[in-house]
Amino acid sequence: MSVTESKTEIFDMSNSEALDTSKGKNSVVGVFERYVQPCLAELLGSSLFIFAGCASVIGNVGVSGSVQPALAHGLALGIAIAIFGEISGGHFNPAVSVSVYLVGGLELVLLAPYIVAQICGGMIGAGLAKLIFPEETFSTAAGAAFNAVNTTGSVGAATVAEMIMTFILTLVVCMGAINERTRVPFVPFCIGLTVTANILAGGSVSGACMNPARAFGPAVAANYWTYHWVYWVGPLSGALLTVTFVRLLMGDQKRRVILK
């Protein structure tokens, strides 16, 4: 993405002219900057964000409340988006990538590579967190895997909570960074604050994941898979709900599919 573009367009990677190859760039450089570099940015950004998130959870063992994880996740995500957004759009979350693609902010050819990069980043970040903490502390925290759901009776509430919180998150992304009419220049920190607010609000119900890559990495590191599917179904359902609202109701004329 050209450095001359507005910071409010950091999530929009759908423009086939995002990289201006007419100004003397050879095809190898153009392909690298348009396809390879964004995936590397998603890998690195996801690794750093999820490392910070996992470390905050593991370090919070024995402390009541979720202020530390909420602040760490929100701040780390906002910073990662701010520094990598011009390269990849700064998704770091499969649910975000799905919603951004479906509202027209990402090329189809990048969707699967982004998700793979995010999942790999999740495993790297969780692995780094495991590396720096004592084994006992790591095990006590279940490696920062999501263990808030431990009975069948809580599955429904947790899945709905994940859907609602991810809906809020992806709505902020799509309306604040993709939808031209409502774009804002400080969207990275809006997104980070949304994550913080959601963790404070819903952490006790489901753990407030909102991100399948954030769930998958620690699950691999700790080999903890109890009700892991909740953290895929809930966030992806929330992403699809956002797409419905943006495409049918809240999007501008470019994004809406009706009443253009």
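Bear in mind that the values here come from a model prediction, so they are computed numbers and not experimental data.

## Re the overall build of the protein
Part 1 of the reasoning: Of the regular secondary structure elements, the protein holds nine helices and zero strands.
Part 2 of the reasoning: Starting at the N terminus, the α and β elements of the protein follow one another as α-α-α-α-α-α-α-α-α.
Part 3 of the reasoning: By the compact-globule yardstick of 18 Å for 260 residues, the protein fits well, its C-alpha radius of gyration being 18 Å.
Part 4 of the reasoning: Expressed along its principal axes, the backbone C-alpha trace of the protein runs to roughly 55 × 40 × 25 Å.
Part 5 of the reasoning: Across the 260 residues in the protein, those meeting the buried criterion constitute 50%.
Part 6 of the reasoning: Here the contacts in the protein between residues at least 6 apart in sequence split such that 75% fall between residues at least 24 apart.
Part 7 of the reasoning: With an accessible surface of roughly 11,400 Å², the protein has 68% of that area assigned to carbon and sulfur atoms.
Part 8 of the reasoning: Averaging the positions of the 13 positive and the 14 negative side-chain charges in the protein gives two centres separated by 6 Å.

## Concerning helix H3 (residues 94-102)
One turn of the α-helix equals 3.6 residues, which is why residues spaced by three or four share an orientation.
Part 1 of the reasoning: Where burial is concerned, most of H3 is hidden: seven out of the nine residues are buried.
Part 2 of the reasoning: Among the residues making up H3, those that are buried are Pro94, Ala95, Val96, Ser97, Val98, Ser99 and Val100.
Part 3 of the reasoning: On its buried face, H3 is in contact with helix H4 (108-132), helix H6 (155-178), helix H8 (212-222) and helix H9 (230-250).
Part 4 of the reasoning: N-capping of H3 is provided by Asn93, with a side-chain oxygen placed 2.9 Å from the backbone N of Ala95.
Part 5 of the reasoning: Gly104 occupies a position one or two residues after H3 and carries a positive phi of about 90°.

## Remarks on the packing of H8 against H9
Part 1 of the reasoning: At their nearest, the axes of H8 and H9 sit 9 Å apart, and the two run at 170° to each other. Between H8 and H9, the crossing angle belongs to the class labelled roughly antiparallel. Within the contact between the two elements, H8 uses Pro212, Ala215 and Phe216 and H9 uses Tyr231, Trp232 and Pro235.
Part 2 of the reasoning: Broken down by class, the residue content of the contact of H8 with H9 amounts to six nonpolar, no polar and no charged.

Reading the values: rules and limits
Residues numbered from 1 in each chain as written. Predicted model: local features only at pLDDT ≥ 70, side-chain atom pairs only at ≥ 80, totals over all residues. Heavy atoms only, no water. Helix = DSSP H or I, 4+ residues; strand = E, 2+ residues; numbered from the N terminus. Rg over C-alpha atoms; globule rule 2.2 N^0.38 Å. Buried < 20%, exposed > 50% of the residue type's maximum accessible area, 1.4 Å probe, protein only. Contact = heavy atoms within 4.5 Å. Areas by Shrake-Rupley, 256 points an atom, 1.4 Å probe, with all protein chains shown as cover. Lys, Arg positive; Asp, Glu negative; His and termini not counted. Charge placed at Lys NZ, Arg CZ, Asp CG, Glu CD. Polar contact = N/O pair within 3.5 Å; in protein donor to acceptor, adjacent residues only side chain to side chain. Axes fitted to C-alpha atoms, helices over the stretch in contact; angles between N-to-C directions. Parallel < 35°, antiparallel > 145°, perpendicular 65-115°, else oblique. Nonpolar A, V, L, I, M, F, W, Y, C, P; charged D, E, K, R; others polar.

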